[in-house]
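# Coordinate analysis (summary)
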Amino acid sequence: WPLDTAGGSVNFIMLLNWTVMILYNYFNAMFVGPGYVPLGWTPVSAASCPGWARCVMKMDHHCPWINNCCGYQNHASFTLFLLLAPLGCIHASFIFVMTMYTQLYNRISFGWSSVKIDMSAAKRDPRTIIPFGLSAFAASLFALGLALGTTIAVGMLFIIQMKVILKNKTSIESWIEEKAKDRIQYYQTDETFIFPYDMGSKWKNFRQVFTWSGIPEGDGLDWPVREGCHRYSLTIEQLKQKADKRVRSVRYRAIEDYSGVCCPVTKGVKTFFTTPCTEEPRIALSKGDLILATRGLKHWMYGEKILNSAGDGGIRERGWFPRKCVEKCQYDSETDQPVDGEKKSR
C-alpha cells in the first residue's frame with residue numbers, strides 16, 4: 001500500500017495531482033470550447049460582408065480528441081493538457097521501471113551462458129497487495145510502452161503549440177505566413193510580409209494566452225496589432241494567396257475513372273499505400289473531367305474539378321485524386337496560356 005512509506009505517499013499524492021489536473025484541463029478544453037463570434041455582432045463596415053458565418057474566435061485547429069475546436073477561450077487549457085499529460089506519463093514510467101527493477105532483482109540468476117528469471121521466486125513481503133507474477137510483469141511492461149508513447153506523441157504536440165503561442169500565432173496563421181513568404185519568393189517582389197499580431201516579446205505573446213485569472217486577454221474580436229499593420233492585414237494576404245493559387249494552378253484532364261475512395265486498390269500499390277493522411281476529401285473523376293491542380297504529392301494531387309465550362313463562374317469540387325488518373329493539358333493554368341517555360345508575373 002503506497003501510504004505505508006514516505007516515498008510511496010509522495011508518489012501516490014503526485015499521481016492523484018497529475019490525474020486531477022489533466023482531467024480538469026481536458027474537460028475544460030472540451031466543454032468550455034473556443035468561443036464564437038456573438039450572435040448579432042457585425043463589423044464596422046457591415047456592407048462589405050455580403051455572406052455571414054458564425055466563426056470560431058482565434059481558431060487554432062479542430063481537435064478530434066476533445067471533439068471541439070481549439071481557439072480563444074480554451075487554448076490555454078488545451079496547451080496545459082498537452083504539458084501535464086507527458087509529465088504525468090513520465091512520472092508513471094519512472095514508477096513502472098522501478099517496480100519492475102525491484103521485483104525482478106531477486107528473481108534473476110545468471111549462468112555461464114544463460115539468464116533465467118524465476119517468476120515464482122517472489123520476495124515475500126506481507127505488505128504486498130498485488131503479487132508481481134508474470135501477468136503483472138506483462139501489464140507493467142505494456143503500460144510502460146503506452147506511457148512512453150504518450151510522452152513522445154503528446155509532448156511533440158505541446159512543443160508545436162508553444163512555438164506558435166510564443167509568436168502569438170495560431171496554426172492557421174502560421175500556415176498563412178508560410179504561404180505569404182512562398183508567394184513573395186516566387187514572384188521575387190520587394191514586398192515584405194509582417195505578421196500583425198506579434199507583440200515583439202515572447203513574454204507578451206505568452207501572456208496573450210496564459211493569465212493568472214485563467215481568462216485570456218481581450219474579447220476575442222479585437223486584437224492589438226503592430227505598427228504598420230491593421231486588423232485586415234491577414235485577410236488581404238489571404239485574398240492575394242487565393243488569386244495567386246488560381247494563377248499558379250495547372251490544368252489536368254482525367255484519363256481514367258476514379259470513384260473517390262480513400263485507398264483505391266485498382267490504382268496501383270504505391271497509390272494505395274501513399275494515400276494522403278488528411279481529413280480533406282477525395283473527388284470522384286470521370287474520363288474527360290478537367291481539374292485545376294494546386295498542389296500534389298508523388299502519387300496524389302489536390303485540386304478543383306470544373307463541373308462546367310463557365311470559366312470563373314463555374315462550380316468546383318475540391319479534393320485529392322490519384323496522379324496516374326490525369327494528364328497535363330497543353331494549357332498550364334486557368335488563364336488558358338500555353339506553356340512557354342517563362343516565369344509568370346503579375
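Note that the coordinates shown come from a computational prediction; the quantities given were computed from them, not determined experimentally.

## Considerations on the side chain of His91
Inspection of the secondary structure puts His91 in helix 2 (residues 75-105). Here Asn11 takes part through its side chain, which lies 2.8 Å from a polar atom of the side chain of His91.

## Observations concerning the packing of helix 4 (residues 171-187) against helix 6 (residues 233-248)
Contact geometry for helix 4 and helix 6: axes closest at 10 Å, N-to-C directions at 55°. Judged by the inter-axis angle, helix 4 sits oblique to helix 6. The chirality of how helix 4 crosses helix 6 is left-handed. Seen from helix 4, the contacting residues are Glu173, Ile176, Lys179, Ala180, Asp182, Arg183, Tyr186 and Tyr187; seen from helix 6, they are Leu234, Glu237, Gln238, Lys240, Gln241, Asp244, Val247 and Arg248. Its residues assigned to classes, the contact of helix 4 with helix 6 comprises six nonpolar, two polar and eight charged.

## Description of helix 1 (residues 6-32)
With 27 residues, helix 1 should cover 39 Å at 1.5 Å per step; its first-to-last C-alpha distance of 38 Å lies within 8% of that length. Turning to helix 1, its buried residues are Gly8, Ser9, Trp18, Ile22, Asn25, Tyr26, Ala29 and Met30.

## Quick notes on the packing of aromatic side chains
Summed over all chains, the structure comprises ten aromatic pairs. Aromatic pair Tyr26 and Phe81: ring centres 5.3 Å apart, planes at 50°, arrangement tilted. Of the two residues, Tyr26 sits in helix 1 while Phe81 sits in helix 2, which places them 55 residues apart along the sequence. Both residues of the pair, Tyr26 and Phe81, belong to the buried class. Each ring, one from Phe195 and one from Tyr197, has its centre 5.7 Å from the other, and the planes form 80°; the classification is edge-to-face. The exposure classification of Phe195 matches that of Tyr197, with both residues buried. By the ring-pair criterion, three or more aromatic residues cluster together here, those being Tyr26, Phe27, Phe31 and Phe81. Positioned above the aromatic ring of Tyr302, the side-chain terminus of Arg295 is 4.1 Å from the ring centre.

## Here we look at a positive patch on the surface
A surface patch of positive charge is lined by Lys163, Lys167, Lys181 and Lys202. Within the element layout of this structure, Lys167 appears in the loop between helix 3 (134-165) and helix 4.

## Topic: unusual backbone geometry
One non-glycine residue, Asn67, adopts positive backbone phi at about 55°. Structurally, the position occupied by Asn67 is in the loop between strand 1 (61-63) and strand 2 (68-70). Among the residues examined, Asn67 registers a relative accessible area of 63% and is labelled exposed. The backbone of Gln188 sits at a positive phi, close to 50°, despite the residue not being glycine. Looking at the secondary structure, you find Gln188 in the loop between helix 4 and helix 5 (202-207). Overall, the relative accessible area of 63% leaves Gln188 in the exposed class.

## Thoughts on the pattern of salt bridges
Applying the stated criterion to the full structure yields eleven salt bridges. Its salt-bridge partner being Glu280, residue Arg295 comes within 2.6 Å of it at the nearest N-O pair. Within this pair, whereas Arg295 is found in strand 6 (residues 290-296), its partner Glu280 is found in the loop between helix 7 (269-273) and strand 6, the two being separated by 15 residues in sequence. With a relative accessible area of 36%, Arg295 lands in the partly exposed category. Judged by relative accessible area, which is 25%, Glu280 ranks as partly exposed. One salt bridge connects Glu317 with Lys305, and the closest N-O pair in it is separated by 3.9 Å. On the criterion of sequence distance, the pair formed by Glu317 in strand 8 (residues 316-322) and Lys305 in strand 7 (residues 300-306) is long-range, its members being twelve residues apart.

## Concerning a nonpolar patch on the surface
A cluster of nonpolar residues, Phe94, Val97, Met98, Tyr101 and Tyr105, forms a patch on the protein surface that exposes about 540 Å² of accessible area. Within the fold, Met98 resides in helix 2. On the basis of relative accessible area, Met98 is assigned to the partly exposed category, the value being 37%.

## Quick look at the confidence of the model for the chain
Averaged over every residue, the pLDDT of the chain is 82; the share at 70 or more is 82%. Here residues 338-346 is a poorly scored stretch, pLDDT under 50, and it has 18 contacts once near neighbours within four places are set aside; other chains count.

## Overview of the pairing of strand 6
Bridging between strand 5 (residues 250-254) and strand 6 involves four bridges; their strand directions are antiparallel. Of the residues in strand 6, the one forming a bridge with Tyr252 is Ile291. Examined bridge by bridge, strand 6 and strand 7 share six bridges and lie antiparallel to one another. Across the sheet, Ile291 pairs through a bridge with Lys305, a residue of strand 7.

Cut-off values and rules
- Starting from 1, residues in each chain are numbered consecutively following that chain's sequence as written.
- A pLDDT threshold of at least 70 governs which residues receive local features in this predicted model, and a stricter bar of 80 or more applies before side-chain atom pairs are shown or counted, although totals over entire chains, interfaces and linings include all residues.
- Where side-chain values are given, they derive from all heavy atoms of the structure, hydrogens and water being excluded.
- Helix and strand definitions follow DSSP, with helices as H or I runs of at least four residues and strands as E runs of at least two, each counted in order from the N terminus.
- Any N or O atom pair separated by 3.5 Å or less is treated as a polar contact, with the protein-specific requirement of one donor-capable and one acceptor-capable atom, and with residues adjacent in sequence counted only for side-chain atom pairs.
- Interaxial angles span 0 to 180 degrees and are taken between N-to-C directions of axes, which are lines fitted to C-alpha atoms, for helices over the stretch in contact.
- When an angle is under 35 degrees it counts as roughly parallel; over 145 it counts as roughly antiparallel; between 65 and 115 it counts as roughly perpendicular; any other value is oblique.
- A crossing counts as left-handed when the near helix is turned anticlockwise from the far one by less than a right angle, and as right-handed when that turn is clockwise.
- We call two residues in contact whenever any of their non-hydrogen atoms come within 4.5 Å of each other.
- Gly is put with the polar residues, along with every residue not named as nonpolar or charged; the nonpolar set is Ala, Val, Leu, Ile, Met, Phe, Trp, Tyr, Cys and Pro, and the charged set is Asp, Glu, Lys and Arg.
- One less than the residue count of a helix, multiplied by 1.5 Å, gives the span that helix is expected to have.
- Type-normalised accessible area, obtained with a 1.4 Å probe on protein chains alone, sets the label of each residue: buried when under 20%, exposed when over 50%, and partly exposed for intermediate values.
- For this analysis, a ring pair means two rings from Phe, Tyr or Trp (six-membered ring only for Trp) whose centres lie within 6.5 Å, classed as stacked if their planes differ by under 30 degrees, edge-to-face if by over 60, and tilted for the remaining angles.
- We count a charge as sitting over a ring when the NZ of a lysine or the CZ of an arginine lies within 6 Å of the ring centre and within 35 degrees of the ring normal.
- Two distance rules govern patches: like charges are joined within 9 Å, and nonpolar side chains (Val, Leu, Ile, Met, Phe, Trp, Tyr) within 5 Å, applied only to residues with over 30% relative accessible area and no salt bridge.
- The Shrake-Rupley method, run with a 1.4 Å probe sphere, supplies the accessible areas, and residue values consider only the shown protein chains as cover.
- We define a salt bridge as a side-chain nitrogen of Lys or Arg found within 4 Å of a carboxyl oxygen belonging to Asp or Glu.
- Residues counted as positive are Lys and Arg, residues counted as negative are Asp and Glu, and His and the chain ends are not counted.
- The atom standing in for a charge is NZ when the residue is Lys, CZ when it is Arg, CG when it is Asp and CD when it is Glu.
- What pLDDT reports is the predictor's confidence in each residue, on a scale of 0 through 100.
- When DSSP finds at least two bridges between two strands, those strands are taken to pair.

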